[in-house]
Every structure is written in structure tokens, then in C-alpha cells.
Amino acid sequence: MPPKDAGHAPRRTVFATLLLLLGGGLLSGCQAALFRSLNATTGRHDVVVQRDVIYAPAHRLALDIYRPRDSRHAPVVVFFYGGSWKSGKRAWYRWAGEALASKGMVVVIPDYRLWPAVRLDGFMQDAAHAVAWAHAHAGEYGGDPASLFLMGHSAGAHIGALLATDTQWLSGVGMQPRQLDGFIGLAGPYDFLPLENPDFIDMFGTTHVAQLRSQPVHQVDGDEPPMLLLQGGDDKVVWPHNATSLAAAMQRHDEPAEVKLYPGIGHAAILLSLSRPFRGKSSALEDSVRFIRQQAKASAARAATSP
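Residues numbered from 1 in each chain as written. Predicted model: local features only at pLDDT ≥ 70, side-chain atom pairs only at ≥ 80, totals over all residues. Heavy atoms only, no water.

Draft legend 1. Molecular detail of the overall build of the chain. Per the secondary structure count, the chain includes 11 helices and eight strands. When burial is assessed residue by residue, the chain has 54% of its 307 residues classed as buried. Across the chain, the fraction of contacts at a sequence separation of at least 24, relative to all contacts at a separation of at least 6, is 76%. (Helix = DSSP H or I, 4+ residues; strand = E, 2+ residues; numbered from the N terminus. Buried < 20%, exposed > 50% of the residue type's maximum accessible area, 1.4 Å probe, protein only. Contact = heavy atoms within 4.5 Å.)

Draft legend 2. Region of interest: the sheet that holds strand E6 (residues 182–186). The eight strands are arranged E1-E2-E4-E3-E5-E6-E7-E8 in an open sheet whose pairing can be described as mixed. What marks the edges here is a single partner per strand, and that holds for strand E1 (47–56) and strand E8 (257–262). Sheet twist, expressed as the average angle between the axes of neighbouring strands with direction ignored, equals 20 degrees. Strands strand E3 (74–80), strand E5 (143–153), E6 and strand E7 (227–232) of the sheet are contacted by helix H5 (residues 155–165), whose axis makes an angle of about 135 degrees with E5. (Pairing = 2+ DSSP bridges. Axes fitted to C-alpha atoms, helices over the stretch in contact; angles between N-to-C directions.)

Draft legend 3. Fine view of the nonpolar core. The biggest cluster of nonpolar side chains holds 98 residues, and the ones touching the most others in it are Tyr93, Val131 and Leu163. No other element matches the 10 residues that helix H4 (residues 120–137) contributes to this core. When neighbours within four sequence positions are excluded, tyrosine 93 is seen to be in contact with Phe35, Asn39, Tyr66, Phe79, Tyr81, Gly82, Ile109 and Leu271. (Core = buried A, V, L, I, M, F, W, Y, C linked by side-chain atoms within 4.5 Å.)

Draft legend 4. A look at H5. Across the 11 residues that make up H5, a large majority, 11, are buried. Those residues of H5 lying buried are Ala155, Gly156, Ala157, His158, Ile159, Gly160, Ala161, Leu162, Leu163, Ala164 and Thr165.

Draft legend 5. Summary view of the packing of H4 against H5. Interaxial distance between H4 and H5 falls to 10 Å at its minimum, and their mutual angle equals 75 degrees. The orientation of H4 relative to H5 falls into the category roughly perpendicular. Seen from H4, the contacting residues are Leu120, Phe123, Met124, Ala127, Ala128 and Val131; seen from H5, they are His158, Ile159, Leu162 and Leu163. Classifying every residue of the contact of H4 with H5 gives nine nonpolar, one polar and no charged. (Parallel < 35°, antiparallel > 145°, perpendicular 65-115°, else oblique. Nonpolar A, V, L, I, M, F, W, Y, C, P; charged D, E, K, R; others polar.)

Draft legend 6. Representation of the side chain of glutamate 224 within the structure. Within the secondary structure, glutamate 224 sits in the loop between helix H8 (208–212) and E7. No salt bridge is formed by the buried glutamate 224; its nearest oppositely charged neighbour, arginine 178, is found at 6.1 Å. At 2.9 Å, the side chain of glutamate 224 and the backbone nitrogen of glycine 222 are in polar contact. When neighbours within four sequence positions are excluded, glutamate 224 is seen to be in contact with Ala164, Thr165, Arg178, Gln219, Met250 and Glu255. (Lys, Arg positive; Asp, Glu negative; His and termini not counted. Salt bridge = Lys/Arg side-chain N within 4 Å of Asp/Glu carboxyl O. Polar contact = N/O pair within 3.5 Å; in protein donor to acceptor, adjacent residues only side chain to side chain.)

Draft legend 7. Structural context of the packing of aromatic side chains. Inspection of every chain in the model, using the stated rule, returns 15 aromatic pairs. With centroids separated by 5.9 Å and ring planes inclined at 25 degrees, the aromatic side chains of phenylalanine 35 and tryptophan 95 adopt a geometry described as stacked. You can see phenylalanine 35 sitting in helix H2 (residues 31–39) and its partner tryptophan 95 sitting in helix H3 (residues 94–101), a full 60 residues away along the chain. Look at tryptophan 95 and you get buried, because its relative accessible area is 2%. A connected cluster of aromatic rings, assembled from ring pairs, spans Phe35, Phe79, Tyr81, Trp92, Tyr93, Trp95 and Tyr112. (Phe/Tyr/Trp six-rings, centres within 6.5 Å; stacked < 30°, edge-to-face > 60°.)

Here's what the structure looks like:
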């Protein structure tokens, strides 16, 4: 007779693999299977999920929405996943959507076109359209369009940071960075020149001038929303100086930016710590929720006192 818990062995094996990856700070090519295992830990009855909502018909791009069952005027978070601008699917991140929705947020997770099908302009335009969709439709899902946040991990944090710093992307959809209540970046690359990887050179440009467009740190001009930059101290994929450099650029323009450095945390661990199995690895979820609530409250107070 097999052990009574033998049916759970595959899941335990996957989570053991995840723990190894947490220690090494990297996600492997098996990320789809790993994320499916995290998704298997979800299914909250207090979170409503709306899948496959088309936001960019021309490119057949869709998004998923996670919201508290009785949400009313809740903060809205558009979450961009990472994957080196080359890989990723919104379906892999149900666990992240539910984690934030369970804290009272309406969460929008869009797909966007990836390299080599598109380069910088392509995925940034997709991201801007996803934000515009969230702003226009938030109220239909119990969200407050006046309380809009961007959040992302790794390449997704880069995308969110560029939307928050370079006005060209949101202005293309009739918005401005100042309409955002805040940006939360998890292990984002914000200051990563010079480029050496041929894939990234193809993505971002062959000249230094072209590549500067891809660097959020070079786009800060004093018209940005508040930022919370979360970073693992042991990240060997995106080095911590990316967060401190962007924060310094914000502070030079008297813009609020907070850096949270988690000792012993690597590139994957900071993301996976949002999930139920690994929530104790860092306080990234609690810190993100605190920031969102503080900024939403401050925004509401400003709106109440404005003429």
C-alpha cells in the first residue's frame, strides 16, 4: 500500500525545485510547470476572476481580472509579468492576481507581444493600451479609475517603470504618468546599459542614443507618480543598483521613491514570495499593499480638497 500522502509527492517535488530556485535566484525553462503548481494553491471563494477579456483586438491581446467579490471603488493594479521580454503568459500568474485581490485590489494582468515578434515600441504600446483599458473599464469591475497603480516583476517592472517615467507611451493612449497613483517594481531593470546580449541589442537598438530610450532612469523629469522599488539583496540577475539608481533619479527631481532591500532574497524569490507557499520569504506583498493603501488614501484626500 502506498503512503497515504503519495498523491501529493509530485507537488512536493515541484515545490522542492522552487525552493532550490529561490536559493539560486533564477527561474528555469520549467517555469510553466512551476507556475501551474503555484496556481494549484489558489481558488479563493472571495475572489472573482474574469478571464480572456480582449483589450487590443488588432493583436488579439487579452487580459485577466481578479477582484474582491464585493469590491466597490477599490484600487486598481495593472500587473506586468517578466520573462526577459521574451516569454510569459498571463495564465501563469493567477496566484499573483489572487494574492493582491484578496487584499482588496482589482488586479488586471495583461498579455503583451514579445520579442522577436516585436521590439521596444511594440510591447510598450501594448502595455500602454492595457493601462488605458484598465482606466476606462475599472468601474465595471468595482475598481476606482482614479486610484490606478502599475506593478511588475523583472521585465514587467521595466515596462511599468517606462510607462511611469516616459510620457510618450501613455500620451499615445490619451493618458499621462501623473494619472497613476503609484508604481511598484519588483527586481526591475531600470539602469542596465551598456548592452552586450545580442537579443537585447536587437530589442532596444544598436546605438547608445537608441538604447537610452529603454532606460527608465534616463526618463525621469519630475512628472512621475510615487514609486516603491522592491529588490532582493542577493539578486544576481538584476543587480540592486537598478533600484537605487532609479530612486536617486526620482529624488533629484523631488519625487517620492522608496527602496526596500530584502537580504538573502534573489531574483525569483521576491516574486514567488507573493504566493501562498512562499509568503514568508519576504514582506513584498505586505509592503506593496501598504504602499497602495497609503497612496490611494493620499490621492483621495487631495481630490477632496481640490477646488
